[in-house]
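Notes for the structure review
Letter by letter, the chains look like this.
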Amino acid sequence: MTTDNAVAEVDIRERIDSLLDAVQTGDLETLRTIFAPNIVSFDIEAPLRHLGAEKKMSNWEQVFTVFQLPLEYETRDLTVLVDGSLAVVYSLNHMNASLGTGGKIDYWLRWTSAWQKIDGQWMIVHDQVSVPTYFPEGRAAMDLMP
């Protein structure tokens with residue numbers, strides 16, 4: 001790995017730490033600095049594709065409305081691959097949170113994101129959040145753990 005790529009990896013990991021803090025505390029302003037304006041997101045909720053940072057922020061607003069803050073949200077097996085001004089990040093993410101209406105969720109997600117250095121700042125230009133599927137039953141596999 002080149003020195004520039006190693007420095008970029010450190011920068012991206014710091015940005016991911018900021019992202020995690022923002023998700024845990026419901027900090028939309030910090031999230032706005034991490035997602036590129038023209039992000040394409042394959043988010044966990046319908047439809048199949050979300051276009052633009054405002055839609056991504058709308059999804060986060062919904063999360064922060066539905067769940068009680070702070071959220072328990074963590075990454076595991078975080079991998080950052082950098083080549084010049086592009087990077088790919090993937091991990092398993094754990095969310096454990098209480099619903100505002102009562103009840104609780106506790107599940108693992110798969111996260112993959114593409115990052116690009118834009119005007120000197122690493123930003124997410126694409127992300128995908130998913131859960132595996134139990135095909136015979138036709139349902140999401142929300143009970144899996146790493």
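See the structure printed just above.
Just so you know, these numbers come straight off a predicted model, no measurement behind them.

1. Some remarks on the pairing of strand β3 (residues 72-83)
Here β3 runs beside strand β4 (residues 86-98); their pairing, made up of 10 bridges, is antiparallel. Paired with threonine 75 across the two strands is asparagine 93, which belongs to β4. Hairpin connection from β3 to β4: 2 residues lie between these consecutive antiparallel strands, with glycine 84 at a positive phi of about 70°.

2. Brief notes about the nonpolar core
Judged by nonpolar contacts, the single largest core of 35 residues is most densely connected at Ile12, Leu31, Trp60 and Trp115. Beyond its immediate sequence surroundings of up to four residues, tryptophan 115 is in contact with Ile12, Arg15, Ile16, Ile34, Ser85, Leu86, Ala87, Val89, Trp122, Met123, Ile124 and Val125.

3. What about a nonpolar patch on the surface?
On the surface, Leu81, Val88 and Tyr90 cluster together into a nonpolar patch covering about 260 Å² of accessible area. Assignment of secondary structure puts valine 88 in strand β4. Look at valine 88 and you get partly exposed, because its relative accessible area is 38%.

4. Thoughts on the sheet that holds β3
Read across the sheet, 6 strands follow the order β2-β1-β6-β5-β4-β3 without closing on themselves; strand pairing throughout is mixed. Strands with a single pairing partner mark the edges of an open sheet, and in this sheet they are β2 (50-51) and β3. Summarising the sheet, strand β1 (residues 35-42) and β2 pair through 2 bridges and their orientation is antiparallel. Counterpart to valine 40 in the pairing with β2 is leucine 51. In this fold helix α1 (residues 3-25) packs onto β1, β3, β4, β5 (104-118) and β6 (121-130), with an angle of close to 160° to the strand it touches most, β3. Across the sheet, helix α3 (residues 53-66) lies against β1, β2, β4 and β6, angled at about 70° from β1, the strand it touches most.

5. Overview of unusual backbone geometry
Look at the link from alanine 46 to proline 47: it is a cis peptide, with omega at 5°. Considering the arrangement of structural elements, one finds proline 47 in the loop between β1 and β2. For aspartate 77, which is not glycine, the phi dihedral falls at a positive 55°. Along the polypeptide, aspartate 77 turns up in strand β3. Judged by its relative accessible area of 53%, aspartate 77 is exposed. With a phi angle near 50°, aspartate 119 is a residue other than glycine that sits in the positive phi range. Topologically, aspartate 119 is positioned in the loop between β5 and β6.

Calculation criteria
Residues numbered from 1 in each chain as written. Predicted model: local features only at pLDDT ≥ 70, side-chain atom pairs only at ≥ 80, totals over all residues. Heavy atoms only, no water. Pairing = 2+ DSSP bridges. Helix = DSSP H or I, 4+ residues; strand = E, 2+ residues; numbered from the N terminus. Core = buried A, V, L, I, M, F, W, Y, C linked by side-chain atoms within 4.5 Å. Buried < 20%, exposed > 50% of the residue type's maximum accessible area, 1.4 Å probe, protein only. Contact = heavy atoms within 4.5 Å. Patch = residues over 30% accessible without salt bridge, like charges linked within 9 Å, V, L, I, M, F, W, Y side chains within 5 Å. Areas by Shrake-Rupley, 256 points an atom, 1.4 Å probe, with all protein chains shown as cover. Salt bridge = Lys/Arg side-chain N within 4 Å of Asp/Glu carboxyl O. Axes fitted to C-alpha atoms, helices over the stretch in contact; angles between N-to-C directions.

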